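Observations on the three-dimensional arrangement
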Amino acid sequence: MRYVVGYSANARGHDAVNLAVSLALGRGASLDLVLVVPEVQQFGAAHSPRVGFEHLLNEQAQEWLDQALALVPSGVPAQAHVRSGDSDAHALIQAAEEFGADMLIIGATSSGIFKRFSIGSVASALLHASTVPVALAPHGYHRQEALTRISCGLGTRAGAEKLLDFALGMATNRDVPLRVVSLLALDGRHAAEATEAAQAAREYAEKHLAAALPVGEQEEVRVEAKTEVVVAQGRSIEEAVDRLDWEDGEVLLIGSSRLATSRSIFLGSTANRILRALPVPMIVVPSDYELKQQNHSASNDAPREAQK
Amino acid sequence: MSAEHAMSKASHAGQHTEDQHGLSEKGLKAGSVGLIGAVVIGVSCIAPAYTLTAALGPTVAEVGVHLPAIFLVGFVPMLLVAFGYRELNNAMPDAGTSFTWASRAFGPWLGWMGGWGLIAATIIVLSNLAAVAVDFFYLMLSQIFGNPDLADLTKNLPLNIATTLVFITLACWISYRGMETTKTVQYVLVGFQLLVLGWFAVAAFSHVANGTAFDATAIEPNWFNPFAVESFSAFAAGVSLSIFIYWGWDVTLTMNEETKNPEKTPGRAATVTVLVIVIIYMTVALATLSYAGIGTEGLGAGNPENQASIFAVLAGPVMGPFAVLMSLAILSSSAASLQSTFVSPARTLLSMGHYKALPRKFSRISPTHKSPSYATIASAVAAAAFYVITRTTSENALWDTITALGMMICFYYGITAMACVWFFRAEAFSGAQAFFFKFLAPLLGGVILLVMFCKTAYDSMDPAYGSGSSIGGLGLVFILGMGVILLGVVLMLVMAKVRPEFFKGEVLSRGK
């Protein structure tokens with residue numbers, strides 16, 4: 001298992017490293033810290049050949065990466081890489097594909113002054129193009145311990161089964177509870193209607209969860225004991241998110257919008273609003289992304305790393 | 001199926017950074033620039049629409065109808081120095097360029113001054129570029145709205161200074177964010193500039209042919225004779241101005257690994273670039289002289305009123321309603337150059353900070369944008385300050401800054417050329433090629449430029465020099481040029497006290 005971490009020598013980069021360590025600890029994954037430096041162009045740089053600047057930039061990048069590696073505890077294997085490219089997002093995706101990575105981890109904030117999550121330009125570019133799940137660390141994420149719970153946000157759109165499979169796999173592999181979350185924005189509906197909607201959402205979630213649970217008798221009991229279904233309501237999605245309790249060591253899984261071309265991520269408007277209110281990291285899974293990391297899976301698929 | 005990777009059980013690799021010398025191989029798009037691309041880069045670094053509007057007037061003021069001759073002669077020292085520049089760049093590729101090379105050849109003191117000259121020249125050109133952009137910004141507004149009053153807004157001192165500062169701030173911000181003009185934009189800008197300049201020349205010649213020119217003047221062979229320039233002073237002033245119009249051309253010679261064919265492309269690109277540039281300069285110079293003459297009245301190229309920005313005056317009468325294209329071409333090319341030129345002093349300052357020749361903060365690279373952060377802002381502040389000072393003390397700031405700039409380029413190019421001669425002195429006589437490129441060419445070029453520098457500096461003490469602005473009986477150009485160099489000496493002495501390692505030769509050692 002390899003996770004690619006998009007690193008930059010600022011608060012955003014630190015958030016990403018911390019989240020990567022949390023995610024890696026429960027899975028024994030190794031980290032590839034990738035620092036993207038811009039491609040120094042000859043176009044538009046009068047009176048200054050680029051070669052020397054590239055050298056200084058590279059030296060600085062190595063220094064930054066050494067500092068980044070020092071942030072990683074000794075139990076987590078990590079390597080550092082300098083990549084150059086015009087677009088950070090593009091370079092990170094390329095690195096993820098090259099390393100056969102199972103996840104891309106980045107800090108999502110641009111400023112973090114107003115909202116816990118306000119998506120930076122790199123993050124938003126990544127979410128439009130990544131073919132592997134993207135984990136977004138909120139501003140100031142400092143935890144470096146293994147996850148304690150996985151939440152999975154369930155919408156009513158197609159693809160929910162795939163997402164639930166992924167979430168179940170993640171929870172089982174890490175041996176942590178899974179919480180299936182249905183978020184309802186009830187904007188001014190009557191109480192009776194609200195209860196009805198909540199009931200419908202719960203039934204929907206339970207039905208899908210039941211379908212996703214493994215069939216083996218014993219297995220089912222073991223996994224089922226650790227899953228729960230929650231329906232959260234609020235006048236808005238943001239309020240619903242706020243009303244849920246979140247553990248420090250929790251992450252929220254979200255499927256990407258159906259606008260996305262198959263196998264790439266696009267953050268829908270609901271997901272975007274969730275992101276703004278969410279106090280914990282979010283992992284956005286591309287539509288049609290197949291989880292290939294379940295230990296118990298009977299699938300014959302080769303490991304992801306071997307596919308490339 | 002377990003996806004646990006065998007690697008993850010490997011010993012902790014945490015403190016090991018992948019050993020990558022130079023940039024990661026994948027990053028460098030080796031060989032992505034072809035001949036045309038390289039020529040476009042060369043032409044865009046020169047920005048002919050901007051250089052012509054800025055330098056044509058002041059050069060006519062010095063040498064009159066011998067403008068074509070001086071434009072041709074000005075290329076010779078530039079070519080000679082560029083050979084040396086290329087040798088140094090191949091031997092010691094470094095972001096500090098002149099600073100690093102002169103330090104390696106002559107030691108820290110002259111090296112520091114070489115770097116200072118380069119920074120000063122680029123800072124001065126930044127303030128001039130911004131000012132030209134502002135002039136044509138208002139001119140274009142007036143042409144679009146058909147309201148001549150708008151063009152006069154640029155003469156309103158507080159408004160002019162405020163707009164210029166806004167332009168400088170914008171360019172600095174773009175540069176700080178690490179954004180660069182893309183290839184496509186650069187192609188469009190260069191194509192548009194050449195097209196509009198060609199249009200201007202054709203329109204001017206057809207006015208001459210139709211008898212509608214302002215002061216139709218027949219072209220004479222004598223215009224091409226540099227020895228017909230009346231005095232050596234005028235000749236020196238003209239040459240140091242025309243160095244400016246080729247400044248940036250040397251970039252084509254230093255492009256190596258990024259070209260598709262490093263053996264041949266840089267040389268060919270440099271040749272094609274200079275041909276394109278010389279043709280366009282000659283055509284426009286001849287068109288301007290034939291159309292407007294060098295009279296000091298009205299539209300004449302000799303009229304001091306017109307000399308700061310010749311196209312601002314001539315484009316209207318020559319091109320009619322299409323003059324707005326000229327404004328657009330100059331505005332876009334000077335704005336693009338403004339942004340790309342910011343890179344230069346910022347990188348030199350960064351390099352000087354790196355070698356401990358400047359305070360440590362100059363060597364900062366922004367973690368977010370990966371651009372020289374402190375150095376870029378420092379360049380913007382210096383360019384803004386230089387502009388405010390010149391604008392408030394000079395009757396014709398554009399004219400005087402261009403003259404001071406020519407002097408500054410002669411100064412640091414002269415030092416750079418001499419650094420080449422001295423650095424390679426041991427191999428100078430090892431073969432004909434080394435003798436020419438590492439010794440003779442840079443020596444000649446360097447001597448010419450330093451002579452031009454001294455002569456111009458001496459002449460500019462005359463209060464009537466340049467636009468005729470003066471302070472305390474000394475010409476403003478002299479005060480600007482020498483003031484900047486003196487400021488460099490003072491800062492250097494301060495730095496030697498504050499951070500002596502570099503000046504003891506402990507950071508950049510002399511010789512190979």
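Quick caveat, the model's predicted, so the values are computed rather than measured.

Let us look at the overall build of chain B. Tallying secondary structure elements over chain B gives 17 helices and 2 strands in all. Here the C-alpha radius of gyration of chain B, 24 Å, is about what a compact globule of 512 residues would show, namely 24 Å. For chain B, the spread of C-alpha atoms along the three principal axes comes to 85 × 60 × 45 Å. When the 512 residues of chain B are sorted by exposure, 59% land in the buried category. Taken as two groups, the 26 positive and 27 negative side-chain charges of chain B have centres that lie 14 Å from each other.

Between its first and last C-alpha atoms helix α16 (residues 432–459) of chain B spans 38 Å; for 28 residues at 1.5 Å apiece the expected length is 40 Å, and the two agree. At B:L440, α16(B) shows its maximal bend, which comes to roughly 30°, and the proline B:P442 appears one to four places after that position.

As a further point, take the packing of aromatic side chains. Between two aromatic rings, the relevant description is the distance of the centres plus the angle of the planes. Residue and element names in this part refer to chain B. Following the criterion strictly, the structure yields 27 aromatic pairs over all chains and no others. Centroid distance W199 to F322: 4.8 Å. Interplanar angle 45°. Geometry classified as tilted. In this pair, W199 sits in helix α8 (residues 183–210) while F322 sits in the loop between α12 (310–319) and α13 (323–354), placing the two residues 123 residues apart along the sequence. You can call F322 partly exposed: its relative accessible area is 43%. Pairing F429 with F435 gives two aromatic rings, centres 5.6 Å apart and planes at 40°, and the pair type is tilted. A residue is classified by how much of its surface remains accessible, and F429, at 62% relative accessible area, is exposed. Its relative accessible area of 28% is what places F435 among the partly exposed residues. Within the aromatic cluster, the residues linked to one another by ring pairs are F71, F75, Y246, W249 and Y281. Positioned above the aromatic ring of F437, the side-chain terminus of R86 is 5.2 Å from the ring centre. The residue whose ring lies beneath R425 is W422, and the NZ or CZ to ring-centre distance is 4.2 Å.

Attention shifts here to the nonpolar core. Core analysis: the biggest nonpolar cluster contains 160 residues, and B:W112, B:F244, B:W247 and B:F311 have the highest contact counts within it. Tallying contributions element by element places helix α5 (residues 108–145) of chain B first for this core, with 21 residues. Look past the residues within four positions of B:F311 in its chain and what remains in contact with it is B:A49, B:L52, B:T53, B:F136, B:L197, B:F200, B:V284, B:M326 and B:I330. Of all hydrophobic cores here, the second largest spans 103 residues; its members include A:A123, A:C152, A:W246 and A:V285.

Right, let's talk about the environment of B:R347 for a bit. Secondary-structure assignment places B:R347 in helix α13. It is 38 Å that separates the C-alpha atoms of B:R347 and B:Q143, two residues lying 204 residues apart in sequence.

Turning our eyes to something else, we now look at the side chain of B:S373. All names here are of chain B. Within the secondary structure layout, S373 lies in helix α14 (residues 373–393). Residue classification places S373 among the buried residues on the basis of a relative accessible area of 10%. Here S373 is in contact with Y176, R364, I365 and S366, once residues within four sequence places are set aside.

Positive phi outside glycine occurs at B:T97, with the angle close to 35°. By the secondary structure assignment, B:T97 is in the loop between α3 (67–91) and α4 (98–106).

Our focus in this paragraph is a nonpolar patch on the surface. Residue and element names in this part refer to chain B. A cluster of nonpolar side chains, contributed by L35, I36, Y187 and V272, occupies part of the molecular surface with about 330 Å² of accessible area. Looking at the secondary structure, you find Y187 in helix α8. The partly exposed category is assigned to Y187, whose relative accessible area is 32%.

This brings us to the pattern of salt bridges. Residues and elements named next belong to chain A. Enumeration over the complete set of coordinates arrives at 15 salt bridges over all chains. Note that R149 is salt-bridged to E250, the shortest N-O span being 3.0 Å. Of this pair, R149 sits in strand β6 (residues 149–153) while E250 sits in strand β9 (residues 250–255), and the two are 101 residues apart along the sequence. Under the relative-accessibility criterion, R149 is labelled buried at 7%.

Our next topic: the sheet that holds strand β2 (residues 30–37) of chain A. All names here are of chain A. Strand order in the open sheet formed by 10 strands is β3-β2-β1-β4-β5-β10-β9-β6-β7-β8, with mixed pairing between adjacent strands. The open sheet terminates on both sides in strands that have one partner only, identified here as β3 (78–84) and β8 (227–234). Recorded for the sheet is a direction-independent mean angle of 25° between the axes of neighbouring strands. Of the strand pairs in this sheet, strand β4 (residues 103–107) and strand β5 (residues 134–137) are connected by 4 bridges, and their pairing is parallel. When the sheet's bridge partners are listed, L104 is paired in β5 with V134.

The next subject is the state of the cysteines. In protein structure, a disulfide is the covalent linkage between the sulfur atoms of two cysteines. All names here are of chain B. Evaluation of the coordinates by the stated rule reveals 0 disulfides over all chains. Here C420 stays unpaired: no disulfide links it, and the sulfur of C410, its closest cysteine neighbor, is 18 Å away. With a relative accessible area of 0%, C420 lands in the buried category.

Here we take up the packing of α8(B) against α12(B). Residues and elements named next belong to chain B. The interhelical angle for the contact between α8 and α12, taken along N-to-C directions, is 60°, at an axis separation of 9 Å. By the angle between their axes, α8 is oblique relative to α12. Between α8 and α12 lies a crossing whose hand is left-handed. Between α8, through V196, L197, W199, F200, A203, A204 and H207, and α12, the contact on the second element is made entirely by F311, L314, A315, P317, V318 and M319. Residues that form the contact of α8 with α12 fall into these classes: 12 nonpolar, 1 polar and no charged.

To continue, consider the environment of B:A162. Tracing the backbone shows B:A162 in helix α7 (residues 157–176). B:A162 sits 226 residues away from B:V388 along the chain, and the two C-alpha atoms are 9.5 Å apart.

The subject of this paragraph is the confidence of the model for chain A. Residues and elements named next belong to chain A. Residues with a pLDDT of 70 or more make up 74% of chain A, whose mean pLDDT is 78. The spread of mean pLDDT over the elements of chain A runs between helix α10 (residues 304–307), the lowest at 33, and strand β1 (residues 2–7), the highest at 94. Here residues 112–116 is a poorly scored stretch, pLDDT under 50, and it has 11 contacts once near neighbours within four places are set aside; other chains count. Within the model, the stretch residues 293–308 combines pLDDT values under 50 with 40 contacts to residues more than four positions away or in other chains.

On to the packing of α5(B) against helix α17 (residues 476–498) of chain B. Residues and elements named next belong to chain B. Direction vectors running N to C along α5 and α17 enclose 135°, while the axes themselves pass 10 Å from each other. On the basis of their axis angle, the class for α5 and α17 is oblique. Judged by the twist between their axes, the crossing of α5 over α17 is right-handed. Each of W109, W112, M113, W116 and A120 in α5 lies in contact with α17, whose residues at this interface are V484, I485, L487, G488, V489, L491, M492, L493, M495 and A496.

What follows deals with the pairing of β4(A). Remember that side chains alternate between the two faces of the sheet whenever the strand is regular. All names here are of chain A. In terms of residue burial, β4 counts as a mostly covered element, since 5 of its 5 residues are buried. Bridge analysis of β1 against β4 gives 3 bridges, and the strand direction is parallel. In the sheet register, V5 faces β4, and the bridge partner there is I105.

A separate point is the confidence of the model for chain B. Residue and element names in this part refer to chain B. Mean pLDDT for chain B: 86, with 93% of residues reaching 70 or above. This stretch, residues 1–29, has a pLDDT under 50; its non-local contacts, to residues over four places away or in other chains, come to 66 contacts. Per the prediction output, this complex has pTM 0.84; the corresponding ipTM is 0.78.

Rules behind the numbers
- Residues numbered from 1 in each chain as written.
- Chains lettered and ligands numbered in written order.
- Predicted model: local features only at pLDDT ≥ 70, side-chain atom pairs only at ≥ 80, totals over all residues.
- Heavy atoms only, no water.
- Helix = DSSP H or I, 4+ residues; strand = E, 2+ residues; numbered from the N terminus.
- Rg over C-alpha atoms; globule rule 2.2 N^0.38 Å.
- Buried < 20%, exposed > 50% of the residue type's maximum accessible area, 1.4 Å probe, protein only.
- Lys, Arg positive; Asp, Glu negative; His and termini not counted.
- Charge placed at Lys NZ, Arg CZ, Asp CG, Glu CD.
- Expected span 1.5 Å × (residues − 1).
- Bend = angle between axes of the 7 residues up to and from the residue.
- Phe/Tyr/Trp six-rings, centres within 6.5 Å; stacked < 30°, edge-to-face > 60°.
- Lys NZ or Arg CZ within 6 Å of the ring centre and 35° of its normal.
- Core = buried A, V, L, I, M, F, W, Y, C linked by side-chain atoms within 4.5 Å.
- Contact = heavy atoms within 4.5 Å.
- Patch = residues over 30% accessible without salt bridge, like charges linked within 9 Å, V, L, I, M, F, W, Y side chains within 5 Å.
- Areas by Shrake-Rupley, 256 points an atom, 1.4 Å probe, with all protein chains shown as cover.
- Salt bridge = Lys/Arg side-chain N within 4 Å of Asp/Glu carboxyl O.
- Pairing = 2+ DSSP bridges.
- Axes fitted to C-alpha atoms, helices over the stretch in contact; angles between N-to-C directions.
- Disulfide = S-S within 2.5 Å.
- Parallel < 35°, antiparallel > 145°, perpendicular 65-115°, else oblique.
- Left-handed = near helix turned anticlockwise from the far one by under 90°.
- Nonpolar A, V, L, I, M, F, W, Y, C, P; charged D, E, K, R; others polar.
- pLDDT = per-residue confidence, 0-100.

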